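Observations on the three-dimensional arrangement
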Amino acid sequence: QLHSKTFSVQGSMTCVRSGSDVDVAQDGAAIPSGTDSLIRVVERGGAFWVDRANTASVRKLWMVVRDVAPTGHRLTEGDVIKLGRFKFRVRQLV
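Described in the following lines is the structure provided in the data block. Remember, it's a predicted structure, so these values are computed and weren't measured experimentally.

In this section: the nonpolar core. General note: in soluble globular proteins, nonpolar side chains tend to be found buried as a group. Core analysis: the biggest nonpolar cluster contains 13 residues, and Ile39, Val41, Leu75, Ile81 and Leu83 have the highest contact counts within it. For this core, the elements supplying multiple residues, two or more each, are strand 1 (13-18), strand 3 (36-44), strand 4 (47-52) and strand 6 (80-83). A total of three residues in this core trace back to one element, the largest contributor, which is strand 3.

Written as structure tokens, this is what we have:
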């Protein structure tokens, strides 16, 4: 069974997982206990970038794009981010 969830991102945020549920936390907000930080989506210069989460407990994620620049990967419409069983597709950048 496929579950779908839509997030509206206005600025930088962090994707967090609690069990099998994935949610977002705005930058500067406290990450709830018992959750794993997965990735950060960072707004820089009007574009959104994928970056590693800044927490000591973050687990290493698989990368499809090898040797990503130290500044992250610039998101474009149609990009797919896979986190475990979950796939996120960038539908629109505003």
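Now that the structure is up, let's keep going.
This paragraph deals with the packing of aromatic side chains. Evaluation of the coordinates by the stated rule reveals one aromatic pair. Between phenylalanine 7 and phenylalanine 88, the aromatic rings sit 6.5 Å apart at their centres with planes inclined by 40 degrees, giving tilted as the arrangement. Here phenylalanine 7 is found in the segment before strand 1, whereas its partner phenylalanine 88 is found in strand 7 (residues 86-89), with 81 residues between them in sequence. Overall, the relative accessible area of 23% leaves phenylalanine 7 in the partly exposed class.

Examined against the element boundaries, serine 8 turns out to sit in the segment before strand 1. For serine 8, a relative accessible area of 62% translates into the label exposed. Along the backbone, serine 8 and valine 24 are 16 residues apart, and their C-alpha atoms lie at a distance of 9.6 Å.

Another aspect to go through is the pairing of strand 3. Two strands pair when backbone bridges link them, and strand 1 and strand 3 are joined in this way by five bridges, in the antiparallel orientation. By the bridge assignment, arginine 17 is partnered in strand 3 with aspartate 36. Pairing of strand 3 with strand 4 involves six bridges; the strand directions are antiparallel. Within the sheet, the bridge partner assigned to glutamate 43 lies in strand 4 and is phenylalanine 48. In textbook terms, the turn of a hairpin is the stretch between consecutive antiparallel strands, and for strand 3 and strand 4 this stretch comprises two residues, one of which, glycine 45, has a positive phi near 60 degrees.

Conventions we followed
- Here the residue numbers are simple positions, counted from 1 along each chain's written sequence.
- Totals for whole chains, interfaces and linings use all residues, but because this is a predicted model, local features are given only for residues with pLDDT of at least 70 and pairs of side-chain atoms are given and counted only at 80 or more.
- As a rule here, side-chain values come from all non-hydrogen atoms in the structure, and water together with hydrogens is ignored.
- Put simply, a nonpolar core is a bunch of buried Ala, Val, Leu, Ile, Met, Phe, Trp, Tyr and Cys residues held in one set by side-chain atoms that sit within 4.5 Å of each other.
- Think of it in three bands: residues with accessible area under 20% of the maximum for their type are buried, residues over 50% are exposed, and the middle band is partly exposed, with areas taken using a 1.4 Å probe on protein chains only.
- By the criteria applied, helices consist of DSSP H or I runs no shorter than four residues and strands consist of E runs no shorter than two, each listed in order from the N terminus.
- For Phe, Tyr and Trp, where Trp contributes only its six-membered ring, two rings pair if their centres lie within 6.5 Å, and the inter-plane angle classes them as stacked under 30 degrees, edge-to-face over 60, or tilted in between.
- One requirement defines pairing of two strands: DSSP has to find at least two bridges between them.

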